[in-house]
Structure formats: C-alpha cells, structure tokens
Amino acid sequence: MKFIDEARIEVMAGRGGNGVASFRREKYIPFGGPDGGDGGKGGSVFAVADENVNTLVEFRFVKKYLAEHGERGRGADCYGKGGDDIELKMPVGTVITDHDTGELVADLTHHGQRIMIAKGGKGGLGNIHFKSSTNRSPRQCTPGEQGEQRTFKLELKVLADVGLLGMPNAGKSTFIRSVSAARPKVADYPFTTLHPNLGVVRMDDTRSFVIADIPGLIEGAAEGAGLGHRFLKHLQRTGLLLHVVDIAPFDPDVDPVREARAIVEELKKYDEELHGKPRWLVLNKVDMLPPDERELTVSAFLNAYGWPTEKPDDSLGFDIKAPRVFSISALNHEGTRELTFAIMAYLDVVRAAARKEAEEQKQQAAAAKQKVIAPEAPAVSEGDDA
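The chain goes by GTPase Obg in an unreviewed UniProt entry, where it is assigned to Chromobacterium vaccinii.

Peer 1: Sorry if this is basic, but what is going on with helix α2 (residues 172-179) here?
Peer 2: Because each turn of an α-helix spans 3.6 residues, side chains separated by three or four positions end up pointing in the same direction. Within α2, six of the eight residues are buried, which leaves it mostly tucked inside the rest of the structure. Along α2, the residues classified as buried are K172, S173, F175, I176, S178 and V179.

Peer 1: What exactly am I supposed to notice about the sheet that holds strand β12 (residues 240-246) here?
Peer 2: Think of a sheet as strands paired side by side through backbone hydrogen bonds, with each pair either parallel or antiparallel. Within the open sheet, the six strands sit side by side as β10-β11-β9-β12-β13-β14. Their pairing is mixed. Across the chains shown, the open sheet's two edge strands, defined by having one partner strand only, are β10 (197-202) and β14 (325-327). Averaged over all neighbouring strand pairs, the angle between strand axes comes to 25°, with direction disregarded. Along the sheet, helix α3 (residues 256-270) contacts β9 (162-165), β12 and β13 (279-284); its crossing angle with β12, the most-contacted strand, is approximately 150°. Each of β12, β13 and β14 touches helix α5 (residues 294-305); the most contacted strand, β13, lies at about 145° to it.

Peer 1: Would you explain the UniProt feature "binding site: Mg(2+)" (unreviewed entry) in the chain in this entry?
Peer 2: The residues that UniProt annotates with the feature "binding site: Mg(2+)" (unreviewed entry) are S173 and T193. Counting through the fold element by element, S173 comes out in helix α2.

Peer 1: What is the right way to read the sheet that holds strand β7 (residues 114-118) from this model?
Peer 2: An order of β4-β2-β7 is seen for the three strands of this open sheet, with the pairing classed as mixed. Among the strands making up the open sheet, the edge pair consists of β4 (86-91) and β7. Here the average twist between neighbouring strands, direction ignored, is 35°. For strand β2 (residues 45-50) and β7, the ladder comprises four bridges, and the chain directions are antiparallel.

Peer 1: Which parts of the structure should I look at to understand the side chain of D246?
Peer 2: Within the secondary structure, D246 is located in strand β12. Setting aside its immediate chain neighbours within four residues, D246 contacts N169, A170, P256, N284 and K285.

Peer 1: Hey, could you run me through the nonpolar core in this one?
Peer 2: Considering soluble globular proteins, one finds that nonpolar side chains tend to be buried as a cluster. Core analysis: the largest hydrophobic core is formed by 23 residues, its most contacted members being F175, F209, I211, L242, W280, L339 and I343. Listing elements by their share of this core, those giving two or more residues are β9, α2, β11 (208-213), β12, β13 and α6 (336-373). Here this core gets six residues from one element, more than from any other, and that element is α6. For F209, the contacting residues outside a window of four places in its chain are D161, V162, G199, V200, V201, M203, T340, I343, M344, L347 and R351. A13, A49, F59 and M90 belong to the second largest nonpolar core, which has 21 residues in total.

Peer 1: I tried to follow the side chain of Q113 on my own but got confused; where do I start?
Peer 2: By secondary structure assignment, the location of Q113 is in the loop between β6 (104-107) and β7. One polar contact links the side chain of Q113 to the main-chain amide nitrogen of T109, over a distance of 2.8 Å. Non-local contacts of Q113, meaning those with residues more than four positions away in its chain, are made with A47, V48, A49, D107 and L108.

Procedures and definitions
Residues numbered from 1 in each chain as written. Predicted model: local features only at pLDDT ≥ 70, side-chain atom pairs only at ≥ 80, totals over all residues. Heavy atoms only, no water. Buried < 20%, exposed > 50% of the residue type's maximum accessible area, 1.4 Å probe, protein only. Helix = DSSP H or I, 4+ residues; strand = E, 2+ residues; numbered from the N terminus. Pairing = 2+ DSSP bridges. Axes fitted to C-alpha atoms, helices over the stretch in contact; angles between N-to-C directions. Contact = heavy atoms within 4.5 Å. UniProt positions renumbered as here; feature names shortened; annotations may be inferred. Core = buried A, V, L, I, M, F, W, Y, C linked by side-chain atoms within 4.5 Å. Polar contact = N/O pair within 3.5 Å; in protein donor to acceptor, adjacent residues only side chain to side chain.

This is the structure in structure tokens:
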C-alpha cells in the first residue's frame, strides 16, 4: 500500500429535520390540539483513531464525507428520526487542523480516541412547543438547522519513542531490521526507504519501545531537497534521536564529519525544538574497518566532529542528559545489544519521571477539588457564644 501522510478532506454534518405544524383530527375529540412533532437531529462526523490503519491513503481518493440528514417531524406527536453519525477511521498520530484558519481541531494520540469534528444540525420544533393559554392553535414551527461544513487538513505524524536520522545508506533500515521484527527494504543505493517504518523492540514481556525510521536526509532537506523533508515532521514526536553515521563510506571523497554536521544543520533549519531533542551518535558499519584501525578511526571522527569521547558515569543511575556515542555494525549485530539496552534504560527513567509528574498533578487537582467542596470554617472570635 502506498504511504500517504497528508490529505485534505471536506466533511458535512447532516441537516436537522424540519418541525411541522399539525393538529389532531380524531372522531369524538372535538377540541383536538396541536400535535406536530420535532424534526430529527442531523448526523455528526467523528474522527476515530485506529491502530489498524497505517496511512491516510483512503482520504486521498475519497475527499468528501456527508452525514445523514434528520427526518422531518410528523403529526400525532411523532418526532423525526435522527440522522446516523459517520466515523472516519484514521491512523494513531493523525493531526487534524482547520484548512481555512489553521486551528488545531484534534490530535489523535491513542487507539480508540473519538472526537467530533463536525456537529449535526438540531431538528426544528413542531407546533406543540408553541401552545399556550393565549395561543391554543399555534401554526408556528421552525426549520432544522444546517450541519457544520468544514474543510480539514490531515497530517500523520508517527508516534515512536526513538527516531533514526541520517544520510541515505547510513544503515538505518538495516539497524531497525536487526533489533526488531520490522522488515524495511534494504539495498545498496540511496533512498531505498521511501516512507517511514516502525519497529517494536521488545526487551521482555513488559518492556519495549518503538523505533521510527524515516527516509534519508541530504543537505538542503529543510528547503525541500531529497525525500526526507516530507518526513522530518515524523521525528517531532519522538523522545530520543539516534543520529546514524556511516563511519566507513565506500566513496573516499565522502567526509563522514561533514555529512554528520549537515544533518544537524538541517534539523536546526527545520525546527529548533526538534534540534534540541536528546540526540545520540551511532557510528555504523565498523565491520568495514580493519580491527586494528577501528578505535583510531572512531576517535578521529569524534575529535573532528566535536563529540565527547569519555563515557558517562551511570554508577548513581542512568544519566539521561549525557551525550552518548555507540560504535555498531547493524549488519552483524555488533554493538546493537548494548545500544538497545541503553535506550531502554533511558526510556525507563523518562517514563518514571512522567508517571511521577502525572501522579503529582492528579494529587494537586484532587486537593484543589477537596478545598472547593469543603471550604475552611470561619474563625470564631473570643466574644462569640460557644
């Protein structure tokens, strides 16, 4: 299936049914009153996050969605049937914005999330609502309201714990194949990866994380060069970036240091916040270097690139702020185990901190609510009677 991560759609909620003006006309009831029923409400349009949907390709071909209109009311106090709602299933990670105003409408972050994006119109009132002591035979009724009609921009941003970035053929796809069950295409030419791939790295029964592999970047990607510029947004939701560098390029004219700096510069041009995310350096393809030259080559690269060479001190707990570098061979699985364990340790600390913060916010909200429900009793002065 073709990967589509952007689309524009038009949705129209259903119109409410009209109310009616009707009167009872029954034998033996000479003073029959008004009995016109209300119109049914129009159907609404909902966006639903579904983890079984991976792309927005459906919305590229079907661009208009119309919910059912409500039925008009009838006599004998019969209300019209409401129009059926429609649900648009979208991938988890879809961001919905108003095409005309740019307003954020919804951010689908978890499976099953259901958000109304277009509200159906209310049904009109029948004449039974206008009966009064002075208006015994009302002939008024109201029409149904129009449903909302809106145009939305859909943008898919994959949700992953770790994002891979690097030049084409740096070995990102090979790495994700070596540590997860994902099977992206791997070949010896640039831009083999044409769309993001997600892989789940499972450490044990209860601990795992998700890696996102995007198409390789080139210099000028932030301005639209190459393929990666279309997918840089997918890295915005990752918590940790792995900058994969080919430490042993086939072309002797290729400078790994220059290419590594070019990637970082593209991140900065695209989004300062993305550039500021935690980023580790992963030097790949060390198997292509002679064993006696590996350490010297890696040290020379780090010194030229300006990356710290000393290992972080984790004796008192995993330091999530420390810069880290890993030398691996994704093809031979060399060093990948150490890297995945470090990633898991990093995420354990981050997730624990997030849970603690959420619990503190929950306790503060509960305390504030309790204070509102049970305000403090006013102080009693000495002169007041007991």
